[in-house]
Amino acid sequence: MAGNGDTDTRGNLPPLSLHVPEPKFRPGDEVDFSHIGVTEPGAQPRPDENCEAGETHPLCNDLIRVLGDDNKAHGPWDPKLDPETLRRMLQTMALTRAFDERMFRGQRQGKTSFYMKCTGEEATSISTAMALADDDMIFPSYRQQGALISRGYPLIEMINQIYSNEGDKLKGRQLPIMYSARDYSFYTISGNLATQVPQAVGFGMASAIKGDTKIAATWVGDGSTAEGDFHAACTFASVYRAPVVINVVNNQWAISSFSGFAGAENATFAARAIGYGIAGLRVDGNDPLACYAAERWAANRARSNAGPTLIEFFSYRAEGHSTSDDPSGYRSAQEREEWPLGDPVMRLKNHLIALGEWDEDGQAKMDLEAAEQVKAANTEAQKLGTLGHGMHQPFETMFEDVYEDVPWHLAEQREQSLREKEIKFGKKDPGEAQ
Ligand SMILES: Cc1ncc(C[n+]2csc(CCOP(=O)(O)OP(=O)(O)O)c2C)c(N)n1
Ligand SMILES: [Mg+2]
């Protein structure tokens, strides 16, 4: 027999088998989150922003928290923001929540085919975006509408895109919610998970090569960290000490797959930083002050050429993945109520009240105004059309804008499709009432 034939070392071992992760709770289960290590607010050290990456590594298995049950800010990570900034943060959260509510309903009313909420995760995009400079380049995933809203992007532009109407600057070619806003340093959202991470690292590297001062910040979900792009990006970021902040929003779920399928049973997402030798922080993603402080720490570090930071924001996706999802089919409804880190909007509101800078009446007025603002933008946007009510862009434009000049083979296809369209629909647009 060829080979050394040494099969005896197997002895009487059982056959090989795989570990297939299983979430702790399924629909109907009683939920007990006592295994989640909720740390004491203020107890986590805050290393110098220019420290050796290794000094941050104990924080990858910790949880940075600032806001306590007493609604006060604690410890070295307290960003010490003035009340006006805190109210602006709260207002952006209220506006984002109102926007999510109305767009979700818009989808149910058939005005768009698709929408995704960020309920419960507002701090991970709004507080963090506020900690960056306005011209730092944001490479978002699809759940960072709060970052775009916090930069003052007009709501009507967002709605035009969602409704794929005549005002849609992307001419109906992107999936609803996949915004692109160059003037707001908000990079085009890609539906292909994790592609934004190497793009962000590349942007940061280009910024450094040009001798610019702009850094890049990117957001990626827990599930998406399983993509190869995420790891290639971390390698580049580490090797060249690229000026970039890599934000991992761990909301526990990737549609119906729990975080265990991306490796959460074996190590925290923040701990990926240890392997790459870059700075890493693990943060209570429902604590707006901790989110702000961590992002500012990482941004300052990147801006002073001390290297990239990987931040895990530990949070919870309170609603379904998107309008196409029904989470009652795969997770216990109790999870949302039992989530031990609370709700970021409530926590910030209660903090402002504890500071004597806010009250329930102020909150009610703020929520009402936010709803009115969204309603007004929605009314305006609807005048430019909604999905399913005729075509909003000339048919032939689908062949344009990829190349500077339409190449001959696309020009040929355009002519052919226009001929076919006329034969099938006459002068009318497909989609118009026949
Ligand atoms: C490369 C790729 N694979 C799969 C999908 C389908 N998909 C869209 S969102 C999603 C879940 C992503 O979960 P996560 O990264 O945790 O982000 P979250 O939705 O929780 O914010 C999947 C699998 C996709 N869009 N792209
Ligand atoms: Mg997720």
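Residues numbered from 1 in each chain as written. Chains lettered and ligands numbered in written order. Predicted model: local features only at pLDDT ≥ 70, side-chain atom pairs only at ≥ 80, totals over all residues.

K.L.:
Sorry, what's going on with the overall build of the protein chain here?
P.N.:
The helix and strand tally for the protein chain stands at 13 helices and seven strands. Taken against the 2.2 N^0.38 rule, which gives 22 Å for 434 residues, the C-alpha radius of gyration of the protein chain at 24 Å falls within 12% of a compact globule. When the backbone C-alpha atoms are referred to their principal axes, the protein chain occupies close to 85 × 70 × 55 Å. (Helix = DSSP H or I, 4+ residues; strand = E, 2+ residues; numbered from the N terminus. Rg over C-alpha atoms; globule rule 2.2 N^0.38 Å.)

K.L.:
Would you mind showing me how to read the packing of helix 2 (residues 83–108) against helix 11 (residues 344–354) here?
P.N.:
Two numbers describe a pair of packed helices, the interaxial angle and the distance between the axes. Here helix 2 crosses helix 11 at 150°, and the two axes come no closer than 10 Å. Comparing their axes, helix 11 and helix 2 come out roughly antiparallel. Between helix 2 and helix 11 lies a crossing of left-handed hand. From helix 2, Pro83, Leu86, Arg87, Met89, Leu90, Met93 and Arg97 reach across to helix 11, where they touch Pro344, Val345, Leu348, Lys349 and Leu352. Per-class residue counts for the contact of helix 2 with helix 11 are nine nonpolar, no polar and three charged. (Axes fitted to C-alpha atoms, helices over the stretch in contact; angles between N-to-C directions. Parallel < 35°, antiparallel > 145°, perpendicular 65-115°, else oblique. Left-handed = near helix turned anticlockwise from the far one by under 90°. Contact = placed C-beta atoms within 7 Å. Nonpolar A, V, L, I, M, F, W, Y, C, P; charged D, E, K, R; others polar.)

K.L.:
Please explain the site of ligand 1 as it appears in this structure.
P.N.:
Residues in close proximity to ligand 1 total 14 residues, the closest being Leu193, Gly221, Gly223, Ser224 and Ala254. Of the residues belonging to the shell around ligand 1, the class tally is four nonpolar, seven polar and three charged. (Near = placed C-beta within 6 Å.)

K.L.:
Teacher, can you tell me more about helix 7 (residues 228–240) here?
P.N.:
Residues lying three or four places apart along an α-helix face the same way, a consequence of the helix completing one turn every 3.6 residues. Taking 1.5 Å of rise per residue, 13 residues should cover 18 Å, and helix 7 covers 19 Å from first to last C-alpha, within 8% of that figure. The secondary structure elements touched by the buried residues of helix 7 are helix 6 (196–209), strand 2 (216–221), strand 3 (244–250), helix 8 (272–276) and strand 7 (309–314). (Expected span 1.5 Å × (residues − 1).)

K.L.:
Honestly, the nonpolar core in this entry has me stumped. Any pointers?
P.N.:
Note on soluble globular proteins: their nonpolar side chains tend to be buried together. Among the nonpolar cores identified, the biggest contains 93 residues, and Val244, Val283, Ala290, Ala294 and Ile311 are the most heavily contacted of them. Broken down by element, the residue count for this core peaks at 10 residues, all from helix 9 (residues 288–303). Beyond its immediate sequence surroundings of up to four residues, Ile311 is in contact with Val245, Asn247, Val248, Leu281, Val283, Ala294, Glu295 and Ala298. (Core = buried A, V, L, I, M, F, W, Y, C linked by C-beta atoms within 7 Å. Buried ≥ 20, exposed ≤ 12 C-beta atoms within 10 Å, placed from the backbone.)

K.L.:
Teacher, can you tell me more about the pairing of strand 2 here?
P.N.:
It is a general feature of regular strands that their side chains alternate between the two faces of the sheet. Burial within strand 2 is extensive, with six of its six residues counted as buried. Sheet topology places strand 1 (residues 137–139) next to strand 2; three bridges connect them, and they run parallel. By the bridge assignment for strand 2, Met137 is matched with Ala216. Note that the unit made of strand 2, helix 7 and strand 3 has a crossover that is right-handed. (Pairing = 2+ DSSP bridges. Right-handed = clockwise from strand over helix to strand, strands pointing away.)

K.L.:
Sorry, what's going on with the environment of Gly146 here?
P.N.:
Residue placement: Gly146 occurs in helix 4 (residues 145–150). Separated by 24 residues in the primary sequence, Gly146 and Glu122 place their C-alpha atoms 6.3 Å from one another. Among residues more than four places away in sequence, those in contact with Gly146 are Thr92, Thr96, Cys118, Glu122, Ser125 and Ile126.

K.L.:
Just checking my understanding: could you explain the UniProt feature "domain: Dehydrogenase E1 component" (unreviewed entry) in the protein chain for this structure?
P.N.:
Under the local residue numbering, the UniProt record ascribes the feature "domain: Dehydrogenase E1 component" (unreviewed entry) to residues 91–383. End-to-end, the C-alpha atoms of residues 91–383 are 27 Å apart, and along that stretch the chain is 44% helix and 11% strand. (UniProt positions renumbered as here; feature names shortened; annotations may be inferred.)

K.L.:
I would appreciate a short explanation of unusual backbone geometry in the present structure.
P.N.:
If a residue is not glycine, its phi is most likely negative; likewise, a peptide bond is most likely trans. With phi around 45°, Arg241 is a residue other than glycine that occupies positive phi space. Along the chain, Arg241 turns up in the loop between helix 7 and strand 3. The backbone of Gln252 shows a phi angle near 75°, a positive value even though the residue is not glycine. Its location among the elements puts Gln252 in the loop between strand 3 and strand 4 (253–254). Judged by the 19 C-beta atoms lying within 10 Å of it, Gln252 falls in the partly exposed class.

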